[in-house]
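# Chains, contacts and geometry: an overview
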Amino acid sequence: MRSLSVLGSGVLAGVLAAVVALAGCGGGDDDGAGDDPYRKQGPFPTALAAVPSAPAPTAGPAPFTAPASGAGKVVVSVADISPVRSAGEGPGQFVGRPAVAFTLALRNDSGQVVDLNGANITVSYGADDTPAQPDDGGTVRPLAGPLQPGRTADGVYVFLIPEDQRARVTAVVSYDPTKPAVVFSGPVG
């Protein structure tokens, strides 16, 4: 019997030590160094702030064969559309799938330097406007850097588009997230 009570008192001592240790971990009302640093920042918001929507596109979609003017006097053209095979590099990319390469040309008629680092293109296809997956490998060469007044810059973007879904394709081009986007639509071969 005696060995059982020694064992029981050892377990009881261990439980009491754990309770005391955990009690020391709780944050008190003092301003000690171990306090949660975020607690002093005040109450956190209970609702998310509204996210601004993407800029509205310019007038209706232009055909891929015609240049379109964006806000700020930047003319966007689709200089070339070529069927290619995806050559993605990295996670989530596919190799050898049917794709389309879009060569975009932007001409700066604004009289001011335009920063192309925010340039973006999204592509959708088919009756349901299915978003096309971008491909990062091969001939991809995004627009980037400053575009001086009177100059033209081009970039190449590749998107996976099934060959039987190319009769109705839409490309939305934005060179500046604060200005309206330019939309192109039509068949791409």
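Residues numbered from 1 in each chain as written. Predicted model: local features only at pLDDT ≥ 70, side-chain atom pairs only at ≥ 80, totals over all residues. Heavy atoms only, no water.

### Brief notes about the overall build of the protein chain
Per the secondary structure count, the protein chain includes 1 helix and 11 strands. Its helices and strands taken in sequence order, the protein chain reads α-β-β-β-β-β-β-β-β-β-β-β from the N to the C terminus. Out of the 189 residues belonging to the protein chain, those deemed buried represent 30%. (Helix = DSSP H or I, 4+ residues; strand = E, 2+ residues; numbered from the N terminus. Buried < 20%, exposed > 50% of the residue type's maximum accessible area, 1.4 Å probe, protein only.)

### A word on the packing of aromatic side chains
For any two aromatic rings, the description comes down to two numbers: the centre-to-centre distance and the angle of the planes. Taken as a whole and assessed by the stated rule, the structure comprises 3 aromatic pairs. Between the aromatic rings of Phe64 and Phe184, the centroid separation amounts to 6.2 Å while the plane-to-plane angle is 15 degrees, which identifies the pairing as stacked. Linking Phe64 in the loop between helix H1 (2–25) and strand S1 (68–70) with Phe184 in strand S11 (residues 182–186), this pair joins segments that are 120 residues apart in sequence. By relative accessible area, Phe64 is classed as buried at 6%. Classification of Phe184 as buried rests on a relative accessible area of 0%. The structure contains a cluster of three or more aromatic residues connected by ring pairs, namely Phe64, Phe102, Phe159 and Phe184. (Phe/Tyr/Trp six-rings, centres within 6.5 Å; stacked < 30°, edge-to-face > 60°.)

### Section: the pairing of strand S5 (residues 120–125)
Where S5 meets strand S10 (residues 169–174), 6 bridges bridge the pair, whose relative direction is antiparallel. Within S10, the position partnered with Ile121 by the bridge is Val173. As defined by bridge partners, S5 adjoins strand S6 (residues 130–131) across 2 bridges and the pair is classed as antiparallel. Within S6, the residue paired with Tyr125 across the bridge is Thr130. The antiparallel hairpin formed by S5 and S6 contains 4 residues in its connecting segment, where Gly126 sits at a positive phi of about 80 degrees. (Pairing = 2+ DSSP bridges.)

### Structural notes on the confidence of the model for the protein chain
Residues of the protein chain with pLDDT of at least 70 account for 67%, and the chain-wide mean is 78. Ignoring residues within four places in sequence, the model shows residues 1–9, a span with pLDDT below 50, making 0 contacts including any to other chains. Every residue in residues 48–55 scores below 50 in pLDDT, and together they form 4 contacts with partners more than four places removed in sequence or on other chains. (pLDDT = per-residue confidence, 0-100. Contact = heavy atoms within 4.5 Å.)

### Quick notes on the nonpolar core
If you look at soluble globular proteins, the nonpolar side chains tend to sit buried side by side. By size, the foremost hydrophobic cluster in this structure holds 30 residues, and its most contacted members are Phe102, Leu106, Val123, Ile161 and Phe184. It is strand S3 (residues 95–108) that provides the largest number of residues to this core, a total of 4 residues. Beyond its immediate sequence surroundings of up to four residues, Leu106 is in contact with Val74, Val75, Val76, Leu116, Leu143, Leu147, Arg151, Thr152, Ala153 and Tyr175. (Core = buried A, V, L, I, M, F, W, Y, C linked by side-chain atoms within 4.5 Å.)

### Structural notes on the pattern of salt bridges
Scanning the entire structure with this criterion turns up 5 salt bridges. Among the ionic pairs, Arg85 bridges to Glu163, the shortest N-O distance being 3.7 Å. Taken together, the positions of Arg85 in strand S2 (residues 74–87) and Glu163 in the loop between strand S9 (152–160) and S10 put the pair 78 residues apart, joining distant regions of the chain. Glu163 sits in the exposed class, given a relative accessible area of 51%. In this structure, Asp176 engages Lys179 in a salt bridge whose closest nitrogen and oxygen atoms are separated by 3.9 Å. The class of Asp176 is partly exposed, set by a relative accessible area of 22%. (Salt bridge = Lys/Arg side-chain N within 4 Å of Asp/Glu carboxyl O.)

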